[in-house]
Amino acid sequence: IDGVLSDAATEIALPKRLQQPMIDRFKTMAQLSLSEHTVQDGRIPVRHDGQDFDLRVCIVPTLYGERIAVRVLSRSHV
């Protein structure tokens with residue numbers, strides 16, 4: 001918040017059957033390749049309550065499937 005990193009939620013566990021469809025949806029929204037399983041970075045523009053935000057998406061392959069990290073950045077503070 002305001003440049004200070006904080007954990008909003010740690011290790012939110014989704015049911016296994018929902019993990020890949022959710023990652024695929026984030027990849028589609030960030031215009032990333034669904035078939036590529038390497039590190040990928042993308043951006044999803046979002047508007048909420050009249051403010052513009054960027055969701056910065058990072059997809060990382062692991063031994064147990066892909067993991068996703070999402071950062072929320074306000075465009076008004078850039």
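Just so it is clear, the structure is predicted and the values come from calculations on it, not from any experiment.

S.K.: If you had to explain the sheet that holds strand β2 (residues 51-62) to someone new, which residues and values would you point to?
M.R.: If you walk across this open sheet you meet the 3 strands as β1-β2-β3, and the pairing is antiparallel. With one partner strand each, in any of the chains shown, β1 (40-48) and β3 (65-74) form the two edges of the open sheet. Pairs of neighbouring strands in the sheet enclose a mean axial angle of 25 degrees, with direction left out of account. In this sheet, β2 lies alongside β1 in antiparallel orientation, the contact comprising 9 bridges. In the sheet register, Gly42 faces β2, and the bridge partner there is Val57. Against the sheet, helix α1 (residues 16-29) touches β1, β2 and β3, its axis set at about 45 degrees to β3.

S.K.: So what's going on with the confidence of the model for the protein chain? Residues and values would help.
M.R.: On average, the protein chain scores 87 in pLDDT, and the residues at 70 or more come to 83%. When mean pLDDT is compared element by element in the protein chain, β1 scores highest at 94, while β3 scores lowest at 89.

S.K.: Before we move on, can you summarise the pattern of salt bridges with the specific residues and values?
M.R.: Under the defined criterion, the tally for this structure stands at 5 salt bridges. Note that Arg43 is salt-bridged to Asp54, the shortest N-O span being 3.0 Å. Residue Arg43 is located in strand β1, and its partner Asp54 is located in strand β2; the two are separated by 11 residues in the primary sequence. Accessibility expressed as a relative area gives 42% for Arg43, which makes it partly exposed. By relative accessible area, which is 6% here, Asp54 ends up buried. With its nearest N and O atoms 3.5 Å apart, the salt bridge here joins Asp54 to Arg56. Several salt bridges converge on common partners, so that one network encompasses Arg43, Asp54, Arg56 and Arg75.

S.K.: Run through the side chain of Asp54, naming residues and quoting values.
M.R.: Separated by 3.0 Å, the side chains of Asp54 and Arg75 make a polar contact. The contact partners of Asp54, leaving out residues within four places of it in the chain, are Arg43, Ile44, Pro45, Arg71, Val72, Leu73 and Arg75.

The rules behind the values
- Residues numbered from 1 in each chain as written.
- Predicted model: local features only at pLDDT ≥ 70, side-chain atom pairs only at ≥ 80, totals over all residues.
- Heavy atoms only, no water.
- Pairing = 2+ DSSP bridges.
- Helix = DSSP H or I, 4+ residues; strand = E, 2+ residues; numbered from the N terminus.
- Axes fitted to C-alpha atoms, helices over the stretch in contact; angles between N-to-C directions.
- Contact = heavy atoms within 4.5 Å.
- pLDDT = per-residue confidence, 0-100.
- Salt bridge = Lys/Arg side-chain N within 4 Å of Asp/Glu carboxyl O.
- Buried < 20%, exposed > 50% of the residue type's maximum accessible area, 1.4 Å probe, protein only.
- Polar contact = N/O pair within 3.5 Å; in protein donor to acceptor, adjacent residues only side chain to side chain.

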